[in-house]
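Below, each chain spelled out in residue letters.
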Amino acid sequence: MKKKLVNNPDDVVEEMLAGVVAAEPDRYKKLKDQNVLVRADAPVDKVALVSGGGSGHEPTHGGYVGPGMLDAAVAGDVFTSPTPDAVYEAIKAVDSGNGVFLVIKNYTGDVMNFEMAEDMAEADGIETAHVVVNDDVAVEDSTYTSGRRGVAGTIFVHKIAGALAAQGASLQEVKEIAEKVVANVRTKGMALYPCRVPAADESTFSLEENEMELGIGIHGEPGTERTEVKSADEIVNNLVTDVIEDLPFSANDEVAVIVNGMGGTPLMELYIANRKVNEILGAKNIDIYKTFVGEYMTSLEMAGLSVTLLKLDDELKELLDAPTAVDLLK
Amino acid sequence: MKKKLVNNPDDVVEEMLAGVVAAEPDRYKKLKDQNVLVRADAPVDKVALVSGGGSGHEPTHGGYVGPGMLDAAVAGDVFTSPTPDAVYEAIKAVDSGNGVFLVIKNYTGDVMNFEMAEDMAEADGIETAHVVVNDDVAVEDSTYTSGRRGVAGTIFVHKIAGALAAQGASLQEVKEIAEKVVANVRTKGMALYPCRVPAADESTFSLEENEMELGIGIHGEPGTERTEVKSADEIVNNLVTDVIEDLPFSANDEVAVIVNGMGGTPLMELYIANRKVNEILGAKNIDIYKTFVGEYMTSLEMAGLSVTLLKLDDELKELLDAPTAVDLLK
Amino acid sequence: MNKTEEVFNKIADKIIDNKQYLTKLDSAIGDGDHGINMARGFSEVKEEFESAEFDSNSAVVKKVAMTLISNVGGASGPLYGTAFLQASKVMEEDLSLKNAVKIGEAVIEGIKMRGKAEQGDKTMLDAIIPAVNALKEDYEAGVELEEALQDCLEAAEEGKESTIPLVAKKGRASYLGERSKGHQDPGATSSYMIIETIIKEII
Amino acid sequence: MNKTEEVFNKIADKIIDNKQYLTKLDSAIGDGDHGINMARGFSEVKEEFESAEFDSNSAVVKKVAMTLISNVGGASGPLYGTAFLQASKVMEEDLSLKNAVKIGEAVIEGIKMRGKAEQGDKTMLDAIIPAVNALKEDYEAGVELEEALQDCLEAAEEGKESTIPLVAKKGRASYLGERSKGHQDPGATSSYMIIETIIKEII
Ligand SMILES: Nc1ncnc2c1ncn2[C@@H]1O[C@H](COP(=O)(O)OP(=O)(O)O)[C@@H](O)[C@H]1O
Ligand SMILES: Nc1ncnc2c1ncn2[C@@H]1O[C@H](COP(=O)(O)OP(=O)(O)O)[C@@H](O)[C@H]1O
Ligand SMILES: [Mg+2]
Ligand SMILES: [Mg+2]
Ligand SMILES: [Mg+2]
Ligand SMILES: [Mg+2]
C-alpha cells in the first residue's frame with residue numbers, strides 16, 4: 001500500500017484535470033461531462049490532432065496540448081484507455097472541417113476505443129485518420145501478437161505531426177509524416193521501483209531490494225526481464241544497445257534523444273544516464289541533433305527511465321525545430 | 001537502502017553535470033575543475049546572477065541558467081553547500097565589470113561559503129552583493145535562531161531579479177528587487193516518503209505507512225511535525241493556510257503560485273493539489289495571476305510537495321512575465 | 001424488472017464482488033485494472049437499470065452493451081460491449097438452445113472482429129469458445145437445454161483454467177512473453193463469471 | 001612528517017573511521033552528511049600531506065584550514081576552516097599550556113565570528129567552549145600541562161554530551177525546533193573527536 005496525495009481514488013482524473021485548467025485557464029478548456037482537454041481556441045482552421053489514453057502518464061497527454069502540437073487530449077482512467085464516447089467528443093470539439101488526426105499508442109484497448117470513435121465521427125461526416133505508435137523494442141513484434149507498445153516515442157509524433165498540421169498540411173500529409181516518425185523511432189525502458197494505481201490495493205509487481213525490471217512499459221506492468229540491479233552505466237548500455245540494434249541506427253545517422261523519467265526518478269539520475277547515452281552514441285559515431293532529458297511519459301511514481309532515439313532527416317529536423325507554444329518540447 | 005541509477009556515489013555531481021552539458025551544449029559551459037555551470041555566452045554585459053547550493057534539488061540550480069535568469073549555478077555535493085572556491089570561480093567567470101549578484105538560500109553553510117567567496121572576489125576588485133532567501137514558514141524566525149530556510153520561493157528570485165538584470169539594472173537595483181521578492185514570498189512543504197543521499201546508507205528519516213511529515217525542507221531533513229496521512233485536500237489546506245497567515249496574504253492580493261513536486265510525486269498528484277490551492281485562494285478572494293505546477297526545487301526522490309505564494313505588484317508582474325530563455329519559467 | 005435485467009443485475013453483483021480478485025489477476029500479467037474497469041462498467045449498468053424501462057430482452061442486452069462501451073474503456077470495454085451488442089442483434093424473446101448457440105456464435109464473432117484474437121491466445125475467448133462449442137455439440141446431439149447448459153458451464157470453467165499455462169499472444173499480457181505463463185487470464189475469468197451467472201440464473 | 005602532521009593524520013583517520021557514525025547523528029537532526037563532508041575534507045588533507053613540505057607547525061595547520069575550506073562545504077567546512085586558520089595565526093612552534101589557551105580562544109572567536117552561534121545553541125561550540133575554559137582555568141590555577149589536557153578532554157566529552165537535551169538554535173537542526181531534543185549534535189561530536197585525538201597524541 002503506497003501513500004498518495006489523493007482524495008477519493010475514483011476522482012483522481014477529474015480532480016487532476018480541474019487542477020490543470022486552474023493552472024492554465026488561458027491555455028485549456030475542459031469538455032463538459034468528458035475528461036477531455038482541448039486548446040482554448042479550438043477549433044483551429046487546420047487538421048486537428050487528438051491524442052489520449054489512460055491517465056497516469058503526465059505530462060502526457062494534456063501537457064502537449066497547444067499551438068504546434070495537440071488540439072485535444074483524452075484522459076482515460078488511470079492506465080485505462082478512454083471510451084469511444086470521450087474520443088468522439090474530442091474529435092467533434094476540435095474538427096474545423098479539415099479532418100482530425102488521431103495519435104494512438106499500440107494497446108489493444110486504445111486501438112479499439114479510438115477506432116470505434118472514428119466510426120462514430122465518420123458517421124457524422126467528419127474525416128479522420130490515425131497512426132498507431134509502437135516504439136517499444138522490448139516487446140516482440142509479430143502479426144501473431146498485439147505487437148509493440150507505444151511509449152515515450154509518441155512525444156515525437158505529437159511534435160512533428162503537430163508542426164506539419166500547424167503549417168496547413170492535409171490529413172493525408174499529416175498521416176504520412178506521423179508514419180515516418182513511427183518508422184524511425186525506438187524506445188526501451190526499465191524500472192527500479194513499481195508504481196501503484198490509486199484505486200488498486202497493490203503495485204502490479206514488486207521488486208526485491210536488489211532487483212530491477214528491464215523492458216518495462218508505462219502501465220505498471222512487469223517488464224520482460226528481471227535482473228539484479230546494475231550500475232547506471234550498465235543499465236543505460238543495455239537500453240541504448242537494444243534500441244540501436246533494433247532499427248538499426250548506424251554511424252553518421254543523426255538522432256534526437258529522449259531520456260525519459262518514469263515519474264519517481266530524480267532528475268539527477270536522468271542526467272547521469274544521459275552522460276552515458278551521449279558517450280555510447282559518440283563511440284558509435286551516431287550524431288546527436290537534440291536531447292530531451294526529463295519527464296515526458298511517466299508511469300505515476302515508477303522509478304526508472306526509458307531511452308528513445310529518433311532517426312532524423314532534414315524534413316524531420318525542421319519539424320522538430322518548428323515553433324510550438326508547448327514549453328516541454330521547445 | 002534505496003536503489004538508485006548511479007555509478008560511484010562519489011561521482012554523482014560530476015556525472016550529472018556532464019549529462020547536463022551533453023544534453024544542451026549550446027546553452028551551458030562547465031568550468032574546468034569546478035562543478036559550476038555558466039551560460040555559454042558568459043560574461044554578458046550586465047549585472048551577473050549566480051546561485052547555487054547543494055545538489056539534489058534539480059532542476060535547481062542549473063536548470064535556471066540562461067538569458068533572463070542565472071548566469072551561473074554552483075553545484076555543491078548532494079545537500080551540501082559548495083565551497084567558497086567554487087563560488088568564487090563562478091563569480092569570476094560571469095563578471096563583466098557590472099558586478100555580480102548572489103542568490104543565497106538561508107542555510108548556515110550556504111551563507112558562510114558564499115560570503116567567503118564574496119570576500120575573495122572583492123579582494124580581486126569584483127563588486128558583489130547578495131540576497132538571502134528565507135521563504136519557509138514552517139521554521140520559526142527569530143534573531144536567536146538561524147532563521148527560516150530558503151526553499152522553492154527562490155525560483156521567483158531567480159526569475160524576477162534575472163529579468164531586471166537583463167534589462168540593464170544596476171547591482172543595487174537588482175539587490176533591491178530581490179529583497180522585495182524575498183519580503184513577499186512564502187512557502188510550506190510536506191513529505192509522504194523521504195529521499196536518500198546516494199553516498200549515505202539510509203534516509204535521514206523514515207516514515208511508517210500511515211505517517212507523513214509537515215513543514216519539511218528540501219534536504220531530506222525531518223519536518224517540524226509528524227502526523228498520520230491525510231487526504232490531498234486536507235494536506236493542501238494545512239500548507240496554504242499557514243502560508244497565507246504568515247505574510248499575511250489577504251483578499252484582493254494578486255499572487256503567483258508554485259505547486260512544487262519534491263521529486264518523487266506524480267504530476268497527477270500535483271495537479272490534484274493545485275485544484276485545491278485554487279479553491280482555497282478563490283474562497284479568500286486572493287487573485288491568482290500565474291500558476292506553476294511541476295518540479296522546480298526537489299529533494300532527490302522525496303515524495304511530497306510544497307506550495308509557494310508570491311504577492312505581486314505591477315513591477316513584479318512585469319518582471320515575472322519578462323522573456324527568458326529558460327523553458328521552466330515561461 | 002424483467003428476467004434479463006435480473007440476470008444482468010446478478011452479473012453486475014458478481015463482477016463488483018470480484019473487483020479485487022480480477023484486478024489481482026490482471027496485476028500478475030497485465031496492468032492491474034481489469035476488476036476496476038469491469039466493476040465501473042457494471043455499476044453503471046445497475047444505475048441505468050434503475051431509471052430505464054425495457055420492452056424486450058434484446059433491448060436490455062443492447063443497453064448493457066452501450067453502457068459498457070461508454071464506461072469501461074481499456075480492452076475489455078469495447079470487447080464485452082461488442083459481444084453484447086452482437087448478442088442483442090440475434091437474441092430471441094424466448095430462450096431456446098438453438099438461439100443460445102446463435103447468440104454464442106455472435107458473441108465470438110464480435111470479439112474476434114474487434115480484437116483479432118484466436119483461441120489459445122490467452123484471452124477471454126479461451127473461456128467463451130469452448131463454452132459455445134459445448135452448447136453447439138449438445139444442440140446438434142439433441143441434448144436437453146438444462147444439461148447442455150451444465151456442459152457449457154463445465155467447458156467454460158475448463159477453458160478459463162486452460163489459460164494458465166498459455167503464453168499470451170494478445171492484450172497486455174502478451175508484452176510479458178514467456179513470463180505470462182503460469183497465470184490465469186483475467187478476461188477469461190470474468191467471462192467465466194458472466195457465463196456462470198447466466199447459467200445458474202436460468203437453471 | 002612532523003609531529004603536527006602526524007596529529008592531523010590521526011585526526012583524519014579518526015574522522016574517516018567515523019564517517020558513518022557522524023552521518024547518522026546528522027541524519028537524526030540535520031541532513032545526514034556531516035560525516036561525509038568531514039571525511040571528504042580530511043581525505044583531501046591526507047592527500048595534501050603526501051606531497052607538501054612544511055617549515056612550521058603553523059604552516060601545517062594553515063594548510064589544513066585551507067584544505068577544509070576548499071573541500072568540505074556545508075556549515076562545517078567554513079567553520080572548521082576558519083577555526084584552524086585562526087589557530088594557525090596564534091600558534092607558537094613550542095607547545096605550552098599558555099599558547100594552548102590562546103589557540104583555543106582564537107578557535108572559539110573564529111567559529112563565533114563565522115557562525116554567530118553561542119554556547120547552548122547545540123553546535124560544535126558546546127564541545128569546544130567548555131574544553132577551552134577548562135584549559136584556561138587550569139592555566140590560571142597553575143596546573144601542569146598533562147593534567148590540564150586531561151581536564152580539557154573530560155570537559156569536551158561532557159560538553160559533547162550536554163548537547164543531547166538541548167533545543168538547537170543554529171544550523172540545520174534548528175529547523176526541527178523541539179524535535180531536535182534528545183539527539184547529540186554531530187558537529188559537537190566531531191569537535192570532541194578532534195580534541196580527543198590531539199590530546200591523546202600529545203600526552
Ligand atoms: N485482442 C483481444 N481479444 C480478446 N480479448 C482480449 C484481447 N486483448 C485483451 N483481451 C482480454 O482483455 C483482458 C484485459 O482487460 P482489461 O484489463 O480490462 O483491459 P486493459 O488490458 O486495456 O487494461 C485480458 O485479460 C484478455 O482476456
Ligand atoms: N552557526 C553555527 N555555529 C557553529 N556550529 C554550527 C553552526 N551551524 C552548524 N554548526 C555545526 O555544524 C554541524 C553540521 O555540519 P554539516 O552537517 O557538515 O553541515 P550542514 O549543516 O551544512 O549539512 C552541526 O552539527 C553544528 O555542530
Ligand atoms: Mg488497463
Ligand atoms: Mg549538508
Ligand atoms: Mg488491464
Ligand atoms: Mg549536515
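Residues numbered from 1 in each chain as written. Chains lettered and ligands numbered in written order. Predicted model: local features only at pLDDT ≥ 70, side-chain atom pairs only at ≥ 80, totals over all residues. Heavy atoms only, no water.

- Per an unreviewed UniProt entry, chain C is named phosphoenolpyruvate--glycerone phosphotransferase, and its organism is Halanaerobacter jeridensis.

- Looking up chain A in an unreviewed UniProt entry gives the name Dihydroxyacetone kinase-like protein, with the organism given as Halanaerobacter jeridensis.

### So, the interface of chain A and chain B
- Contacts between chain A and chain B engage 53 residues on the former and 53 residues on the latter.
- In this assembly, chain A packs against chain B so that about 4,500 Å² is buried in total across both faces, 64% of it on carbon and sulfur atoms.
- Three residues stand out in chain A for area buried against chain B, namely K3(A), L5(A) and M268(A), and they jointly supply 22% of the buried area on that side.
- If you look at where chain A meets chain B, you find four salt bridges.
- The residue E15(A) makes a salt bridge to R275(B) at a minimum N-O spacing of 3.8 Å.
- Counting the contacts that link chain A with chain B gives 20 residue pairs in polar contact (both at pLDDT 80 or more). (Contact = heavy atoms within 4.5 Å. Buried area = accessible area lost by both parts, 1.4 Å probe. Salt bridge = Lys/Arg side-chain N within 4 Å of Asp/Glu carboxyl O. Polar contact = N/O pair within 3.5 Å; in protein donor to acceptor, adjacent residues only side chain to side chain.)

### Structural notes on the coordination of the magnesium ion (ligand 6)
Residues and elements named next belong to chain D.
- With distances of 2.0 to 2.2 Å, the protein atoms coordinating the magnesium ion (ligand 6) are D26 (OD), D31 (OD) and D33 (OD).
- In terms of primary sequence, the donors binding the magnesium ion (ligand 6) are separated according to D-x4-D-x1-D.
- Here the magnesium ion (ligand 6) and the magnesium ion (ligand 4) are spaced 3.4 Å apart, linked through D31, which binds each one.
- Note on D31: relative accessible area 1%, which makes it buried. (Donors = N, O, S within 2.8 Å, 3.2 Å for Na, K, Ca; no water. Buried < 20%, exposed > 50% of the residue type's maximum accessible area, 1.4 Å probe, protein only.)

### Some details on the sheet that holds strand β3 (residues 48-55) of chain B
Residue and element names in this part refer to chain B.
- Reading across from one edge, β1-β2-β4-β3-β5-β6 is the order of the six strands in this open sheet, with mixed pairing throughout. Two strands close off the open sheet at either side, each with one partner strand: β1 (28-30) and β6 (128-133). The average undirected angle you get between the axes of adjacent strands in this sheet is 25°.
- Helix α1 (residues 12-23) contacts β1, β2 (36-39), β3 and β4 (72-78) of the sheet and is inclined by roughly 145° relative to β4. (Pairing = 2+ DSSP bridges. Helix = DSSP H or I, 4+ residues; strand = E, 2+ residues; numbered from the N terminus. Axes fitted to C-alpha atoms, helices over the stretch in contact; angles between N-to-C directions.)

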